[in-house]
Each structure stands twice: as C-alpha cells, then as structure tokens.
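What follows is the residue order along each chain.
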Amino acid sequence: MAMAAEITPEELEELREAFAMIDVDKNGYVSKAEINELFRAANLPLPGYRIRDIVQELTQNSDNLTFEEFSQIVHGLKSTEVAKTFRKAINKKEGIRSVAGTSEQSGTQHSYSEEEKVAFVNWINQALEKDPDCQHVLPADPSNDDLFRAVGDGIVLCKMINLSVPDTIDERTINKKKMTPFTIQENLNLALNSASAIGCHVVNIGAEDLKEGRQHLVLGLLWQVIKIGLFADIELSRNEALIALLRDSESLEDLMKLSPEELLLRWANFHLEEAGCSKINNFSSDIKDSRAYYNLLNQVAPTGDEEGVPAIAIDMSGIKEKEDLRRAECMLEQADRLGCKQFVMAPDVVRGNPKLNLAFVANLFNKYPALKKPENQEIDWSSIEGETREERTFRNWMNSLGVNPQVNHLYSDIDDALVIFQLYEKIKVPVDWQRVNKPPFVKLGSKMKKLENCNYAVDLGRKEAKFSLVGIAGQDLNAGNRTLTLALLWQLMRRYTLNILEDLGQGEKVIDDTIVSWVNDALSQAGKATISGFKDGAISTSMPVLDLIDVIRPGSIRYDMLKTEELTEEEKVNNAKYAISMARKIGARVYALPEDLVEVKPKMVMTVFACLMARSMMKA
C-alpha cells in the first residue's frame, strides 16, 4: 500500500486559506454540509461517494470539521494513487490549470485558478489604467499569461501595494527606467518586504519566483494585496455607519470583534432582510442562483436622494430566468450599471467561487454601503477607537508570519492565546500543545478555556522565554488589556528580530548595545556621523538610517533628493518615507513606519537598525 505523502508548509498554507474561505464566521470549523465546498476551495475535488464517506465518518463524532481534522484527511488522501486522481481531476476541472513543475518536497503538482487570474488582470488593468509607469506591461490580456510577465519587474506590484495601503512605498525608490537584472531585483525586494509590512504572508515567496512568474505564487500574493485594499474600510472605527448592523442583543464590543468577512455577510443579510428575502450563510453555495445578489443590488442602488448622485433603477426582470447561468449574466449586467461588475463572471457566480465572490461583495460595499449611522441610539461613540500605529505594526507583523487565524482585531483575535503560542514557536520557545485548549470553544465554558490558554501563555513567557512580565496575568491577555498585551507582543517581536541576528552570527548573544556598536562602527568607518543610542534626536531626520543604508549599499542613496539641514516636520516625514522604503529595497524586512523615525520611538528604531544589521550580515 502506498505511503501517504507529507503536507509541505506551502501546501498547508494553501489549505488554511481554503478553510478560511469557507469558515466565514471564523468559529474554527465548517459544517458537514460545507465539506464538498471546502475541498473545491482547496482545489482538491473529490467524487461524491468519497465526500459521503467522509461525512458519514465525521457524523459519528461531530457535525463539524476543524482545520486540524481537514488537514489530517488531506494527509490521509495523499497516497500516490489518490494524488494522481487529484491531479487528473484538477486538470479536467474547468477554471483550474496545472503549473509546470512539481513541489520538490512532495512531488505534488501545483495548480492555479484561471478564473482568479482573469479577475485579477481585469482589476489591475482598471486600477493602473492611467499610470504612466505601467504602460510597458499594461493592459494585460486576461486570456494569456501576460499577468505573470507583467509582475516580473516589480513595478506593478509596488503600485498595487500603494493602492491598497497608500504611501507604503516611496515612489522615489521604485526603479522605473533602464531596467537591469539588478534594478529588477531591487524592485522585487521592495515589493516583497513592503507586502510583508502591510500584513501579507510572503515567507515562501522569493524575488526569483516573481521574476519567473510562478503562477500560483503570483496569484497568492496578488490576492493578499488586493484583499487588504478591499477590506481597508470595512472596519467600525473607519466607517461608523456600520453600527447600523448592530443587533438588539449585541453590545458595541460584539460588533467590533467581527472580521471584515463577517461584517460583509452581516451587511448583505441586513439589506436582504430589508428586502424581505431569505438570508445567506456564505458567499459560495448560497449565492449560486444570483437571487440574493439581485435583491442586494436593488437595495443598495442609488435612489437619487443624495445630492449629486443620480438614481439607478435595477431591472429585476432577469431574476425570472430559468437557467442559473443566464440569470447570473443578467444580474451582472445590472451590477455593471453600478460600476461593480469586477471580480466575477457568470460562471464564477454559478460555481460559487468563494474568493472571487467575497471580492465582488467587498467592492460593492465600498462603493454603495447604503447604511446610515443611527441618530437616536444611546451609543458611547468615544469607545470606538481606531487602531494605533503601534497596534497596526504588531498586527501586520503577526499576519506576515502566517499565524492562523489571521489577526483582524489585535485584542479580541488573540484572547484565546492561540496566536501567541504560534509566535512562541517562531522564537523557538517550545509549546506543549497537549496543554492548549483548541477550538471550537463551546459557549458554556469557553471563557474559562481561553483563560487557561492565556495563563499558560504568560507562564511560557516567564519560565521559557525569560520575558519580563511583571504584573501581567492571563486575565490581562484574555480581557484585552492594551498596555500589558502590547508589552508581551513587543518582547515577542524583539526576540524574533534578535534571533535572526543571532542565527546569522552563529549563536552569538545580541543585545541593544551590540546593535548600537555595530551601527557606529559601520558609520565611523565611512566617515559618517554616529548615534548615541536609539533615542538620539538626530534619528528624527532619518539621516543616520540613510547613511547606514548607503554604507551597506554604496551609492544607493540619492542625497540630492533629500533635505539634510534645518528640516521642517514635513521634510522629516519625507526623509523617513524614503529611508524606510530604501531599507526594504536593499532587502531589509522592516516593519517600522516613517513616523517611528520622525518621533524617535526607541523600540521601533531598534528594529530598523537590527534589520539593517541583519541585511549587512547576509551580504557578508
């Protein structure tokens, strides 16, 4: 009998993404009714009899499937015989293409979704239509492999990152002319390190993968970047009208804990309920007949009540079409009248592609939320606090490491400590997973189970990681105490950064003074001004950082574009933006923001110099 092949980390990440697509309410499991849909999302279509066998086996113990159980099932199915069946099914499946070559570790063949490629091409073509720097590769033809060639020089990727999170990349640092293998490598470094800084998981993606246009990796990165942009405003602190979605039995805190996916589903059902229609549970199987979409479009279309916004009447006659495909085509004609046809074509709706339909709904929400902030409700608006810069940095850092589930809201999403445990493993602190309570957490006793996890997390920090956790208890993590939670997260991030340096230095212990000494040695040898430490006021100009980059990569800094003396606040910010982007361009994975340099935030300043030190040691 053939041995089951191991699941590679890359494949495991793909399985997590597929699971997250179906587990839209983020409760840690999918129902038995969604199992077929789950295997389709993972590009692992199974024959009906096999799905029925799995459901029958599952029903003996539970009606739900956790991610761990799903991955175990996939592992069991990965015998040589079944893997061949999968590949054959994938090759035949409409919209799925095999990628040349196989995984070195498992021998499994990668595949990518043709329909997703088409959707992303169309989105990028429209988004960058007027950008003069992209005219050499755009518009890309969705019917061929133009997209994979278009990302090869890094310019399109840098532009898309800036569209999703404005000002992430300083335009002055993007190489746009006289492209050579070296300048292309710089652009791709800049794109990958900037994508990581905004929360994309790029651990298994290298510049060479993008240069060669490896399809599944290109599409995976593009989806992360596009999704971040689409979800940016689906957040209560940035869109107070979302409070209209608050249910009678809920508190404001309950609403603030919802992920963007959950808020989108809540939003769609809010409008469907207003229309007197049945609610939906997902953006895959429940929208295949287009009826929910028809009613949603009709509810959010402008009525002409707002000044300067003309009314758009939705033609509902197509909802009577007998065939699903024709009904979807008619529905998309109406979506096009709203300028919201992006991401899906009729077959994508009928097949229930969860990723593209999620993007379609997010785009519709961003253009026509059709929500009004309640006026006569007793709500403590002061409690709706936006994410601080420090919180955003930690959240993006965690997500870039591929923690699961993804962190949308820093405190509520780590109140069970499961993400904390994953971070401990990243810094080489062993976790006894037998002691960890795992989801799904039943409502009765869930708080106690989460608290037990948090207590264990603090215990690990004190005894194994040797962190300074004076006054911090498990209850503080569970309750989302900002100050104390951030104190733990900072020590995790600091240790992660120092571990990289120690690995490069063959285990030699690294402390803050080690980094300062290295920085000053490098600067003084080049005849440049040194620093007194991470609180040095000169850092507010970013000149010490820029000088160090120029030492590591001689001639890389364009000093003629910088103001170096008697700087205004605006000029300091401009210098800092340039410094952070240049650090990423030469290959340093920096998570700090320009404001951290301008305000001389010692902790984040340390990480910038540490990352540059690591980059220099790699070169050596």
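(A) Focus on helix α13 (residues 260-274). The first and last C-alpha atoms of α13 sit 21 Å apart over 15 residues, in line with the 21 Å expected at 1.5 Å per residue. Burial in α13 covers these residues: Pro 260, Glu 261, Glu 262, Leu 263, Leu 264, Leu 265, Arg 266, Trp 267, Ala 268, Asn 269, His 271 and Leu 272. Buried residues in α13 make contact with α11 (215-231), α12 (252-256), α14 (291-300) and α17 (354-367). Following α13 by one or two positions, Gly 276 adopts a phi angle in the positive range, close to 75°.

(B) Spatial organisation of the confidence of the model for the chain. Here the chain averages 89 in pLDDT, while 88% of its residues score no lower than 70. Taken as a whole, residues 79-93 scores under 50 in pLDDT and shows 24 contacts with residues more than four places along the chain or in a different chain.

(C) Focus on the pattern of salt bridges. Within the structure shown, the criterion is met by 39 salt bridges. A salt bridge links Lys 159 to Glu 171; its shortest N-O distance comes to 3.0 Å. Residue Lys 159 is found in helix α8 (residues 155-164), and its partner Glu 171 is found in the loop between α8 and α9 (181-197); the two are separated by 12 residues along the sequence. For Lys 211, the salt bridge identified is with Glu 208, shortest N-O distance 3.8 Å. With Lys 211 and Glu 208 both in helix α10 (residues 207-211) and three residues apart, the pair spans about one turn of that helix. By relative accessible area, which is 38% here, Glu 208 ends up partly exposed. One salt-bridge network, held together by shared partners, links Asp 131, Asp 133, Lys 159, Glu 171 and Lys 176.

(D) Representation of a nonpolar patch on the surface in the model. A surface patch of nonpolar side chains, about 240 Å² in accessible area, is lined by Ile 500, Leu 504 and Met 618. You can see Met 618 is positioned in helix α27 (residues 602-619).

(E) Structural view of the packing of aromatic side chains. In the structure shown here, the tally under the stated rule is 13 aromatic pairs. Measuring from centroid to centroid gives 6.4 Å for Tyr 424 and Phe 467, while their planes differ by 25°, and the two rings are stacked. Highlighted residues: Tyr 424 in helix α19 (residues 418-426) and Phe 467 in the loop between α20 (446-463) and α21 (474-479), separated in sequence by 43 residues. In this structure Phe 467 comes out as buried when scored by relative accessible area, which is 8%. Among the aromatic residues, those joined into a ring-pair cluster are Phe 19, Phe 67 and Phe 70.

(F) Molecular detail of unusual backbone geometry. Backbone torsion omega between Leu 138 and Pro 139 reads 0°, so that peptide bond is classified as cis. Among the secondary structure elements, Pro 139 is positioned in the loop between α6 (114-127) and α7 (146-150). Of the consecutive residues Asn 404 and Pro 405, the connecting peptide bond is found in the cis state with omega at 5°. On the secondary structure map, Pro 405 appears in the loop between α18 (389-400) and α19. Positive phi outside glycine occurs at Glu 566, with the angle close to 50°. Overall, Glu 566 belongs to the exposed group, its relative accessible area being 77%.

(G) A look at the side chain of Lys 572. With respect to the element layout, Lys 572 can be found in helix α25 (residues 569-585). With near-sequence residues (within four places) excluded, Lys 572 lies in contact with Ser 540, Ser 542, Leu 567 and Val 598.

(H) Here's a closer look at the packing of α6 against α8. At a minimum axis distance of 11 Å, the contact between α6 and α8 shows a crossing angle of 80°. With respect to each other, α6 and α8 are oriented roughly perpendicular. Contacts from Trp 123, Ile 124 and Ala 127 in α6 reach Val 156, Met 160 and Leu 163 in α8. Split into classes, the residues belonging to the contact of α6 with α8 amount to six nonpolar, no polar and no charged.

(I) Quick peek at the environment of Leu 246. Within the secondary structure, Leu 246 is located in the loop between α11 and α12. As for Leu 246 and Met 256, which are separated by 10 residues in sequence, their C-alpha atoms are 9.6 Å apart.

(J) Up close: the side chain of Asp 153. Along the chain, Asp 153 turns up in the loop between α7 and α8. Buried Asp 153, no salt bridge; nearest opposite-charge side chain is Lys 159, N-O distance 11 Å. A distance of 2.7 Å separates polar atoms of two side chains, one belonging to Asp 153 and the other to His 136. A distance of 3.1 Å separates a polar atom in the side chain of Asp 153 from the backbone nitrogen of Ile 155. Apart from residues lying up to four places away in sequence, Asp 153 is in contact with His 136, Met 179, Ile 184, Asn 187 and Leu 188.

Criteria and thresholds
- Residues numbered from 1 in each chain as written.
- Predicted model: local features only at pLDDT ≥ 70, side-chain atom pairs only at ≥ 80, totals over all residues.
- Heavy atoms only, no water.
- Helix = DSSP H or I, 4+ residues; strand = E, 2+ residues; numbered from the N terminus.
- Expected span 1.5 Å × (residues − 1).
- Buried < 20%, exposed > 50% of the residue type's maximum accessible area, 1.4 Å probe, protein only.
- Contact = heavy atoms within 4.5 Å.
- pLDDT = per-residue confidence, 0-100.
- Salt bridge = Lys/Arg side-chain N within 4 Å of Asp/Glu carboxyl O.
- Patch = residues over 30% accessible without salt bridge, like charges linked within 9 Å, V, L, I, M, F, W, Y side chains within 5 Å.
- Areas by Shrake-Rupley, 256 points an atom, 1.4 Å probe, with all protein chains shown as cover.
- Phe/Tyr/Trp six-rings, centres within 6.5 Å; stacked < 30°, edge-to-face > 60°.
- Axes fitted to C-alpha atoms, helices over the stretch in contact; angles between N-to-C directions.
- Parallel < 35°, antiparallel > 145°, perpendicular 65-115°, else oblique.
- Nonpolar A, V, L, I, M, F, W, Y, C, P; charged D, E, K, R; others polar.
- Lys, Arg positive; Asp, Glu negative; His and termini not counted.
- Polar contact = N/O pair within 3.5 Å; in protein donor to acceptor, adjacent residues only side chain to side chain.

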